[in-house]
Amino acid sequence: MARHWRTTSPFAPVFGLISKVNIVFGKKLLKIGVGAIVGLLVIALAGWLAFVPWSKEPGYTFVKSWGVNGSEPGEFNDPTGIAVNNGEVFVADSRNGRIQVFDFDGNFKREFGQPGEDPGDLGRPMNLTIHNGELYVPEYFNDRIQVFGLDGTSKRIIGEAGKGPGQFNAPGGVAVAPDGSLFVNDFYNQRIQQLKADGTFVRQWGTTGEIGISAGEFNYPTDVAVAADGTLYVADGYGDRVQAFAPDGSFSHKWGGPFAMNIFGPFNGWFAVATNVAIGPEGNVFVADFYNDRVQKFAPDGTFLVDFGDSGDGPGQFNHAIAAAVAGDGTVFVADFLNNRIQKWRPKQ
């Protein structure tokens, strides 16, 4: 009877209609589902093309490397900065508290500095800059910029510890404009300072002690560089981006991941802590991409051009590329932080 009631019930046509509707609706859902998937794939592809650019140059070829962990000449204990000048490579040998100088083939020439706080001593030297025959050395531990002659003679000291104008809390990089003005990234103070050549405060970018991800704000800035046209480039370290400012100080543009808003990743044009920024002879911008174990090259407007390097300790591999310097012929020298060595690369022909 129950079986007969269910088959002859006046509700049976309704159940049958519902079943037909479900079948039709299911087909429509299937069609909608396929369409949605295709749409999502199109959106994903468009997003990928928008935020992950292709290489636009042939790249770079590994030439050689030199250095091992240690404290003897030609050995390193956490190299953190590098600069080139007239056939010489200057390396900030951070934990050894010294600067080592090599020729372009890696042959040791001289060294100067030792750990300490007196003039001529160094407290964790960082990114290096050479201007008008002088070497500018930001000292992370001593909260100052020390200026040396290229022979290693200490000439003057700029700044002191603090958060006031002209004071520093772990400076990591310095850039020098043609008129001698200094631009210093003030790491823990979350700002960039501009000073006169004698250290007199001029102005700053960023709010002292405050982290931010909007334009003109910083998340532990790590380095600065000034281009020939006066544009100031800032490696906004933990902001995973580069910010650029016009010669008048106004914000110009930024790049690094989607919208340059502190989104990190391993893709082209993205960063996982940008620790150094350097200007090449043609005005291109080179950025050390620390945790991605590579160096990336960009046009001045932030257009991705190419990257080089990989993770490891073999030839052409990095264990945290922390700094790069570019010679006049385009050769790039890179401080390979945890591998305690310097690598030399040339543009592919």
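Basis of the calculations
Every chain begins its residue count from 1, and numbering advances along the sequence as written. Given that this is a predicted model, residues contribute local features only at a pLDDT of at least 70 and side-chain atom pairs are listed and counted only at 80 or more, while totals for whole chains, interfaces and linings are drawn from all residues. Excluding hydrogens and water, the side-chain figures rest on all heavy atoms present in the structure. Strand pairing is defined by DSSP finding a minimum of two bridges between the two strands. A run of H or I in DSSP counts as a helix once it spans at least four residues, and a run of E counts as a strand once it spans at least two, with each numbered from the N terminus. For helices, the fitted axis covers only the stretch in contact; all axes are lines through C-alpha atoms, and the angles between them, taken along N-to-C directions, range from 0 to 180 degrees. When a carboxyl oxygen of Asp or Glu lies within 4 Å of a side-chain nitrogen of Lys or Arg, that pair is called a salt bridge. Each residue is assigned to one of three classes by its accessible area relative to the maximum for its type, calculated with a 1.4 Å probe on protein chains only: buried under 20%, partly exposed between the two thresholds, exposed over 50%. Each Phe, Tyr or Trp ring (for Trp, its six-membered ring) is paired with any other whose centre lies within 6.5 Å, and the angle between the two planes then decides the class: stacked below 30 degrees, edge-to-face above 60, tilted in between. Nine residue types can take part in a nonpolar core, namely buried Ala, Val, Leu, Ile, Met, Phe, Trp, Tyr and Cys, and a core is a set of them joined through side-chain atoms within 4.5 Å. Contacts are residue-level and defined by heavy atoms, with any inter-residue pair within 4.5 Å sufficient. Any pair of N or O atoms that falls within 3.5 Å is considered a polar contact. Within protein, one atom must be able to donate a hydrogen and the other to accept it, and sequence-neighbouring residues count only if both atoms are side-chain atoms.

A.B. asks: I'd like a rundown of the sheet that holds strand E8 (residues 144-149), residues and numbers included.
C.D. replies: Whenever strands of a sheet pair, they do so through backbone hydrogen bonds, lying parallel or antiparallel. The strand order across the open sheet formed by four strands is E6-E7-E8-E9, and the pairing between neighbours is antiparallel. The open sheet has two edge strands with one neighbour each: strand E6 (129-131) and strand E9 (154-158). Along the sheet, successive strands turn relative to each other by an average axial angle of 25 degrees, direction set aside.

A.B. asks: Give me the pattern of salt bridges: which residues, what numbers.
C.D. replies: Once the charged atoms of two side chains with opposite charge are near each other, the side chains can pair. In the structure shown here, the tally under the stated rule is 15 salt bridges. For Asp 93, the salt bridge goes to Arg 98, with nearest N and O atoms at 2.6 Å. Its relative accessible area of 0% is what places Asp 93 among the buried residues. Overall, the relative accessible area of 3% leaves Arg 98 in the buried class. The salt bridge involving Glu 134 is made with Arg 156; its shortest N-O contact spans 2.9 Å. Of the two residues, Glu 134 is situated in strand E7 (residues 134-139) and Arg 156 in strand E9; the sequence distance between them amounts to 22 residues.

A.B. asks: An account of the sheet that holds strand E2 (residues 79-85) is needed here, citing residue identities and associated values.
C.D. replies: The strand order E2-E3-E4-E5 describes an open sheet built from four strands, whose pairing is antiparallel. One side of each edge strand has no neighbouring strand; the edge strands of this open sheet are E2 and strand E5 (108-112). On average, adjacent strands in this sheet sit at an angle of 20 degrees to one another, irrespective of strand direction. Pairing geometry for strand E3 (residues 88-93) and strand E4 (residues 98-103), over six bridges, is antiparallel. Residue pairing for E4: Ala 92 is matched across the bridge by Ile 99.

A.B. asks: Would you mind going over the packing of aromatic side chains in detail, with residue names and values included?
C.D. replies: As enumerated under the stated definition, the model contains 30 aromatic pairs in all. Taken together, a centroid distance of 6.1 Å and an interplanar angle of 40 degrees make the contact between Phe 183 and Trp 205 tilted. Remark: Trp 205 occurs in strand E15 (residues 201-205) and Phe 183 occurs in strand E13 (residues 182-186); sequence separation between them is 22 residues. Given the relative accessible area of 8%, Phe 183 is considered buried. Residue Trp 205 is classed as buried on the basis of its relative accessible area, which comes to 10%. Ring geometry for Phe 187 against Tyr 188: centres 4.8 Å apart, planes inclined by 80 degrees, an arrangement best described as edge-to-face.

A.B. asks: Explain the nonpolar core to me, and be specific about the residues and the numbers.
C.D. replies: Ile 82, Val 91, Phe 333 and Ile 342 are the most contacted members of the largest nonpolar core, which has 17 residues in total. When contributions to this core are tallied by element, the ones reaching two or more residues are E2, E3, strand E26 (321-326) and strand E27 (332-336). Here this core takes three residues from E26, the largest share from any one element. Apart from the residues within four sequence positions on either side, Ile 82 is in contact with Val 89, Phe 90, Val 91, Leu 128, Ala 323, Ala 324, Ala 325, Phe 333, Val 334, Ala 335 and Ile 342. Residues Val 242, Ala 274, Val 285 and Phe 298 belong to the second largest nonpolar core, which totals 14 residues.

A.B. asks: With reference to specific residues and values, describe unusual backbone geometry.
C.D. replies: The phi dihedral of Ala 170 falls on the positive side, at around 70 degrees, and the residue is not glycine. Judged by its relative accessible area of 1%, Ala 170 falls in the buried class. One non-glycine residue, Val 273, adopts positive backbone phi at about 75 degrees. Mapping Val 273 onto the fold places it in the loop between strand E19 (251-255) and strand E20 (274-279).

A.B. asks: Outline the environment of Asn 132, supporting the account with residue identities and numerical values.
C.D. replies: By the secondary structure assignment, Asn 132 is in the loop between E6 and E7. Classification of Asn 132 as exposed rests on a relative accessible area of 67%. For the pair formed by Asn 132 and Pro 178, sequence separation is 46 residues and the distance between their alpha carbons is 9.1 Å. A polar side-chain atom of Asn 132 sits 3.2 Å from a polar atom in the side chain of His 131.

A.B. asks: Give a description of the pairing of E27 that names residues and reports values.
C.D. replies: For E27, a buried count of five out of five residues is recorded, marking the element as mostly surrounded by other parts of the structure. As judged from the five bridges shared by E26 and E27, these two strands associate in the antiparallel manner. When the sheet's bridge partners are listed, Ala 325 is paired in E27 with Phe 333. Two successive antiparallel strands, E26 and E27, enclose a turn made up of five residues, where Gly 330 displays a positive phi of approximately 90 degrees. Where E27 and strand E28 (residues 341-347) come together, five bridges link them in antiparallel fashion.

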